[in-house]
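Residue strings, one per chain:
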Amino acid sequence: MEAKTYEAIYWTLLVHETWSLYIASTSKGLCYVGSPNKPFEELSNWAAGRFPGKVLIHDDTKLHSYTAELSEYFQGKRRAFTVPIDFHGTSFQLAVWNALCKIPYGQTQSYSDIANHIQKPAAVRAVGAAIGANPVLITVPCHRVIGKDGSLTGYRGGLEMKTQLLKLEHDSSLVVGGSPVHA
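Residues numbered from 1 in each chain as written. Predicted model: local features only at pLDDT ≥ 70, side-chain atom pairs only at ≥ 80, totals over all residues. Heavy atoms only, no water.

Caption draft 1: The arrangement of the overall build of the protein in detail. The helix and strand tally for the protein stands at 6 helices and 6 strands. Counting from the amino terminus, the protein carries its helices and strands in the arrangement β-β-β-α-β-α-α-β-α-α-β-α. The C-alpha atoms of the protein give 16 Å as radius of gyration, which agrees with the globular expectation for 183 residues (16 Å, within 12%). If you line up the protein on its principal axes, its C-alpha atoms span 50 × 45 × 25 Å. Once local pairs closer than 6 in sequence are excluded, the contacts in the protein between residues at least 24 apart make up 59%. Accessible surface computed for the protein: about 9600 Å², of which carbon and sulfur atoms make up 54%. For the protein, the distance from the average site of its 17 positive side-chain charges to the average site of its 15 negative ones is 7 Å. (Helix = DSSP H or I, 4+ residues; strand = E, 2+ residues; numbered from the N terminus. Rg over C-alpha atoms; globule rule 2.2 N^0.38 Å. Contact = heavy atoms within 4.5 Å. Areas by Shrake-Rupley, 256 points an atom, 1.4 Å probe, with all protein chains shown as cover. Lys, Arg positive; Asp, Glu negative; His and termini not counted. Charge placed at Lys NZ, Arg CZ, Asp CG, Glu CD.)

The following block contains the structure:
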């Protein structure tokens, strides 16, 4: 059997305040947003597993639209992302990730809510595993998923990042007037 080959994977490093995040895209869209302040190896190991044999190419220009939207989000000026996303996973993972994209800005849902949304109410643990495998942090908002009792639960970016993202969304939702926020 011949190994599957893919196009090049382009990457850049996005720096926002105390966070440095590696992000990557294919020609089809954003495929990876890394954990804050993790080494390049997090991205290279992920890419080697998902896109075997492809070279990672550093290209700040090619990723400009992605870094611009993420920066606007971090500044509280963007509530929804318009850049294309190119995620690869099982049909179950894709169903979960698509359900995450439907959680409104500034709101949260539980793992049970997501399981019910995808019509797999008994698959709460599998939903958690799919959320943990989400390669596109922030833009596919797995930080908006919390425990059924309202507790913060695991997050690839770390609980500190999850807390800060939820606070950013909460605080931005309370702002009346001021700068326009992109839909």
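Caption draft 2: Spotlight on helix H5 (residues 124-132). For H5, the complete set of buried residues consists of Val127, Ala130 and Ile131. Buried residues of H5 fall within an arc of 100° about the axis and therefore sit on the same side. The exposed residues of H5 that point more than 90 degrees off its buried face are Arg125, Ala129 and Gly132. Buried residues along H5 sit in contact with helix H3 (91-100), helix H4 (111-117) and strand E6 (145-146). (Buried < 20%, exposed > 50% of the residue type's maximum accessible area, 1.4 Å probe, protein only. Arc of directions from axis to C-beta.)

Caption draft 3: Representation of the side chain of glutamate 169 within the structure. Within the secondary structure, glutamate 169 is located in helix H6 (residues 159-174). Looking at glutamate 169, its side chain comes within polar contact range of the side chain of tyrosine 73, at 2.6 Å. Sequence-distant contacts of glutamate 169, defined by excluding residues within four places in its chain, comprise Tyr73, Tyr105, Gly106, His143 and Arg144. (Polar contact = N/O pair within 3.5 Å; in protein donor to acceptor, adjacent residues only side chain to side chain.)

Caption draft 4: Structural detail: helix H1 (residues 40-50). Among the residues of H1, those classed as buried are Leu43, Trp46 and Ala47. Considered in projection along H1, the buried side chains sweep an arc of 100° and stay on one side of the axis. Turned more than 90 degrees away from the buried face of H1 sit Asn45 and Gly49, all of them exposed. Elements in contact with the buried residues of H1: strand E1 (9-16), strand E2 (19-25), strand E3 (30-33) and strand E4 (56-58).

Caption draft 5: Spatial organisation of the UniProt feature "domain: Methylguanine DNA methyltransferase ribonuclease-like" (unreviewed entry) in the protein. Per the UniProt record, the feature "domain: Methylguanine DNA methyltransferase ribonuclease-like" (unreviewed entry) sits at residues 9-87. When the span residues 9-87 is considered, its composition is 28% helix and 28% strand, and the gap between its end C-alpha atoms is 13 Å. (UniProt positions renumbered as here; feature names shortened; annotations may be inferred.)

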